[in-house]
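A structural walkthrough
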Amino acid sequence: MPNIQTKKYFHPDFPFFEDGYNFEYATVFTGNKSLIKVTFKEKEFFIEVIKRENDYLIKAEKLTRFSPVFIVQNALNILSTKLNLSLTYSNIQTKKSNLHLEDSSKYLKKIDYFVNNFTSKNPISIEIGFGSGRHLIYQAKLNPNILYIGIEIHKPSIEQVIKQCKLQNIENIIILDYDARIFLELLDSQCVKNIYLHFPVPWDKKPHRRVMSKRFLSECFRVLQKYGRFELRTDSQNYYEFSFDVINSFNNFDIEIRKNYSLGISSKYEDRWKKQEKNIYDIVLKNTNSTFKEKSFQKIEFDDIFDRFLDIKKSFKKTCVRGENSFFNLEAIYPINKYEGILKVTLGSYEKSEHKYIIFKDKKVEYFPNNILPTKDNADAHRLLINYFKKGKDVH
Ligand SMILES: C[S@@+](CC[C@H](N)C(=O)[O-])C[C@H]1O[C@@H](n2cnc3c(N)ncnc32)[C@H](O)[C@@H]1O
């Protein structure tokens, strides 16, 4: 993480502009910390100034940092030069390197890419937890007219598959590093041809962590076109039986059960189970329902709560409020002046939460560095938070 250290530090006058960087404002020191808001082109981030016992540590703030890292490094350099700081330590490189992740942006998409108006002129298929990617790449080469969205949370697998896509010039795969259970909620209804879930982690001791659930399957049926397919492949008898229980709560589909069926490609896990002579089960569901079920689009807005900041500041304390499926955790406050400031929160569902800042500034309130995803659980958590803000100090 780029950082510089100095014995003495005073904030400069804000705002100031230099080399395309806009240093907009800073929060007052709260505890030992102050945040400086910086904008460069369309990138917005915080620099954090931390007062330590004998010096100051100035660095990229973790939640808002991004790639390429040289943008933040330049900002630290500009601040240091502006204040004529005499540095006791710096790990800032001067050369503009580390564009590695940018190079992957053709394949690797951020979750925000799917939030607003994501469409594809080609049919879409999804593979959840693609691991080594053998099946994903095999399918993509077999069906060049289909766009494959590969979802995986294991970073080394993601990097390996992106490398393969580049080497083989594959044009019809995009990859998302995100929890697949939440991702489906963001997709339009009836836009998907196939959903592959091959060898999901069985989570025998923590079944609530399984990808397969009623809620997940309900979303699968919503996003699948008529005759679209959901394909589960597993070596776990337990997972197979559990999936049947889940499936029993639905109707309007054709079901096909297969045992030790060859797909034409064998994944790394499949090879392992075959060596151990384990049985492999497939459950294939074909959606026969043509009724369109609307995507539950959640509005995440702050209404008119800007004026509440004064009260929030007066009565601020670290708080956790829990709802049925969602929660928020109010973690810190960084005032900018009497009426404006920044809160740090974690919110969302118990399985997947988001870490954000909330900026109260210029009569507006917004999540930073970007809005929370418009999922149902996030919207519930957001509502809990708004109610808490509106009630102010009476509620804890
Ligand atoms: C047992 S491996 C199977 C990999 C691959 N499908 C194969 O057949 O070799 C399960 C994969 O699912 C991924 N995974 C687990 N939960 C996930 C989730 N909620 N969203 C996306 N991927 C997930 C894991 O990181 C892991 O790579």
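See the structure shown above.
Nonpolar side chains in soluble globular proteins generally cluster together in the buried interior. Judged by nonpolar contacts, the single largest core of 45 residues is most densely connected at Ile126, Ile175, Ile195 and Cys220. Not counting chain neighbours up to four residues away, the residues in contact with Ile175 comprise Tyr107, Leu108, Lys109, Gly150, Ile158, Val161 and Ile162. Ranked by size, the runner-up nonpolar core spans 36 residues in total, among them Ala75, Phe328, Ile333 and Phe389.

Across its 13 residues, helix H4 (residues 155-167) extends 18 Å between first and last C-alpha, which sits within 8% of the 18 Å expected from 1.5 Å per residue. Among the residues of H4, those classed as buried are Ile158, Val161, Ile162 and Cys165. Looking straight down H4, one finds its buried side chains confined to an arc of 105°; they lie on one side. Counted as exposed and oriented over 90 degrees from the buried face of H4: Pro156 and Leu167. Where H4 is buried, its residues touch strand E8 (108-109), helix H3 (134-142), strand E10 (147-151) and strand E11 (173-176). Once H4 ends, the next one or two residues include Asn169, with phi positive near 50°.

Let's shift gears to the site of the ligand. Taken together, 22 residues form the shell around the ligand, and within it Gly129, Gly131, His154, Ala180 and Ser267 come nearest. At the level of secondary structure, the elements contributing two or more residues to the shell around the ligand comprise helix H5 (180-186) and helix H8 (268-275). Of the residues contributing to the shell around the ligand, the split by class is 10 nonpolar, seven polar and five charged.

The seven strands lie next to each other as E2-E3-E4-E5-E6-E1-E7, forming an open sheet whose pairing is antiparallel. This sheet does not close on itself; its edge strands, each paired only once, are strand E2 (16-18) and strand E7 (87-90). Across the sheet, the mean angle from the axis of one strand to that of its neighbour is 20°, orientation sign disregarded. Pairing geometry for E2 and strand E3 (residues 21-26), over three bridges, is antiparallel.

Rules used throughout
- Residues numbered from 1 in each chain as written.
- Predicted model: local features only at pLDDT ≥ 70, side-chain atom pairs only at ≥ 80, totals over all residues.
- Core = buried A, V, L, I, M, F, W, Y, C linked by C-beta atoms within 7 Å.
- Buried ≥ 20, exposed ≤ 12 C-beta atoms within 10 Å, placed from the backbone.
- Contact = placed C-beta atoms within 7 Å.
- Helix = DSSP H or I, 4+ residues; strand = E, 2+ residues; numbered from the N terminus.
- Expected span 1.5 Å × (residues − 1).
- Arc of directions from axis to C-beta.
- Near = placed C-beta within 6 Å.
- Nonpolar A, V, L, I, M, F, W, Y, C, P; charged D, E, K, R; others polar.
- Pairing = 2+ DSSP bridges.
- Axes fitted to C-alpha atoms, helices over the stretch in contact; angles between N-to-C directions.

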